[in-house]
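# Examination of the molecular architecture
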Amino acid sequence: MVNGVRNATGLASVQRSHFSHSFFCQVAEAVLTSQLKAHQEKPNFIIKIPKGTRDLSPQHMVVREKILDLVISCFKRHGAKGMDTPAFELKDFDIAGQFDPMIPDAECLKIICEILSGLQLGDFFIKVNDRRIVDGMFAACGVPESKFRAICSSIDKLDKMAWKDVRHEMVAKKGLAPEVADRIGDYVQCHGGVSLVEQMFQDPRLSQNKQALEGLEDLKLLFEYLTLFGIAEKISFDLSLARGLDYYTGVIYEAVLLQTPTQAGEEPLNVGSVAAGGRYDGLVGMFDPKGHKVPCVGLSIGVERIFYIVEQRMKTKGEKVRTTETQVFVATPQKNFLQERLKLITELWDAGIKAEMLYKNNPKLLTQLHYCESTGIPLVVIIGEQELKEGIIKIRSVASREEVAIKRENLVAEIQKRLSES
């Protein structure tokens, strides 16, 4: 699995590092587990390869490859270098190095927008928040610091649970004071654009918290860049977004697909997250013997979830998928023409044209034409006794069933011309 990484440093003391966002996710979990074993002199951790692989049919592989090709081409368009990691369900893009604030963060959001627009999955938006705002909000509301992560994990469930259920979990199961939970509720139900960022600057609680103010300053700058990138309308500052993983240190984001309403007047439905990421400035230093701090920001595209969504939509619409890229089929209406077909298909292959034929000495013409129709091959070239005698070849359009005769020596040029026009 090839993942995109862009690395650069502004300080000579900072070493270049090639890491994957999904790899960080696995290692971070392992390190956090090892830290609980304080009695051991050296931390022990195991990196597990993600589960979730499955066998795919040729039709599934075609759809999957198209998705991956679009994602990878977008990464390369933004300067990514290839990297191989055991991330079966994700495609990742990470930027590591010393940069001015929010420029790489804004580009990551731009990449997500380009990919989701290119995949034509329907309407979407990207929820954005900042972990400093989350922690600042908790502190301002009166959450004990020891409960920050526990409450963070509860807030993360707001995309699947109603606020009253999340509140119940925080109070009944995690021991948070009811009045503190109610204060949090005032915030996590807020979402909007840059105007909400400005509103939070005036908030009597958040405006007194240094961490929260730093996060809000960065989000304000981020929205400036997002406007220049032309994607600000796709971004929602959402105070319910928490992303509970401990290694996030700044901006966090999550892309959500919306389901088209079935009836007029209905609200679009959230059909789930398909991409996510954020800033994780402290993680690389955990694995550097010299403790160098390398700022990083990255994103992950949920390829498996996108593949499932595309697959379901194709089933609903009854769309067929071509399992080959064959452009031309070499056919004959007569017996004992295998040698001529082999000569003809060799010409096409040598010209770089994707061609095939049936592996039979004397196939029936109807069988050959049915094969082309069922597999979606657009062109058939036909050679028989009459064609051989006259030095011509017939070209048949599978879709229209129209046939034209051309000189044998013009075959490759004519095929290339037709393919370029299709």
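Heads up: these notes are all about the structure in this document. Please read all numbers here as calculations on a predicted model, not as lab measurements. (Residues numbered from 1 in each chain as written. Predicted model: local features only at pLDDT ≥ 70, side-chain atom pairs only at ≥ 80, totals over all residues. Heavy atoms only, no water.)

## Re helix α14 (residues 411-421)
Using the following cut-off: A simple rule labels every residue: compare its accessible area, found with a 1.4 Å probe on the protein chains alone, to the largest value its type can have, and call it buried under 20%, exposed over 50%, or partly exposed in between. Elements are defined by DSSP. Helices are runs of H or I of four residues or more, strands are runs of E of two residues or more, and each kind is numbered from the N terminus. This arc is built from the directions going out from the helix axis to the C-beta atoms. In this description, contact between two residues means that some pair of their heavy atoms is separated by no more than 4.5 Å.
Considered for burial, the residues of α14 that qualify are Leu411, Ile415 and Leu419. One face of α14 carries all of its buried residues, which in axial projection span an arc of 60 degrees. Exposed side chains of α14 directed beyond 90 degrees from the buried face belong to Ser420 and Glu421. Close packing links the buried residues of α14 with β9 (328-331), α11 (338-350), β11 (379-382), β12 (392-397) and β13 (403-407).

## Quick notes on the environment of Ile112
Among the secondary structure elements, Ile112 is positioned in helix α3 (residues 103-119). Taking relative accessible area as the criterion, Ile112 reaches 0% and is therefore assigned buried. If near-sequence neighbours (up to four positions away) are discounted, Ile112 is found in contact with Ile126, Tyr253, Ala255, Ala275, Leu299 and Ile301.

## Thoughts on the pairing of β12
Spelled out, the test is: Two strands make a pair as long as DSSP finds a minimum of two bridges between them.
Among the six residues in β12, five count as buried, and that is most of the element. Where β11 lies against β12, four bridges are found, and the strand directions are antiparallel. In the strand pairing of β12, Val381 is matched with Ile395. Note: β12 against β13, five bridges, orientation antiparallel. Residue pairing in the sheet places Lys394 in a bridge with Ala405 of β13.

## What about the side chain of Asp218?
Going by this rule: Residues adjacent in sequence count toward polar contacts only when both atoms are side-chain atoms; beyond that, a polar contact is any pair of N or O atoms within 3.5 Å, and within protein one must be able to donate a hydrogen and the other to accept it.
As for its position among the elements, Asp218 is in helix α9 (residues 210-228). Assessed through its relative accessible area of 17%, Asp218 is described here as buried. A distance of 2.7 Å separates the side chain of Asp218 from the side chain of Arg132, its partner in a polar contact. If we skip the residues at most four places from it in the chain, Asp218 touches Pro101, Met102 and Arg132.

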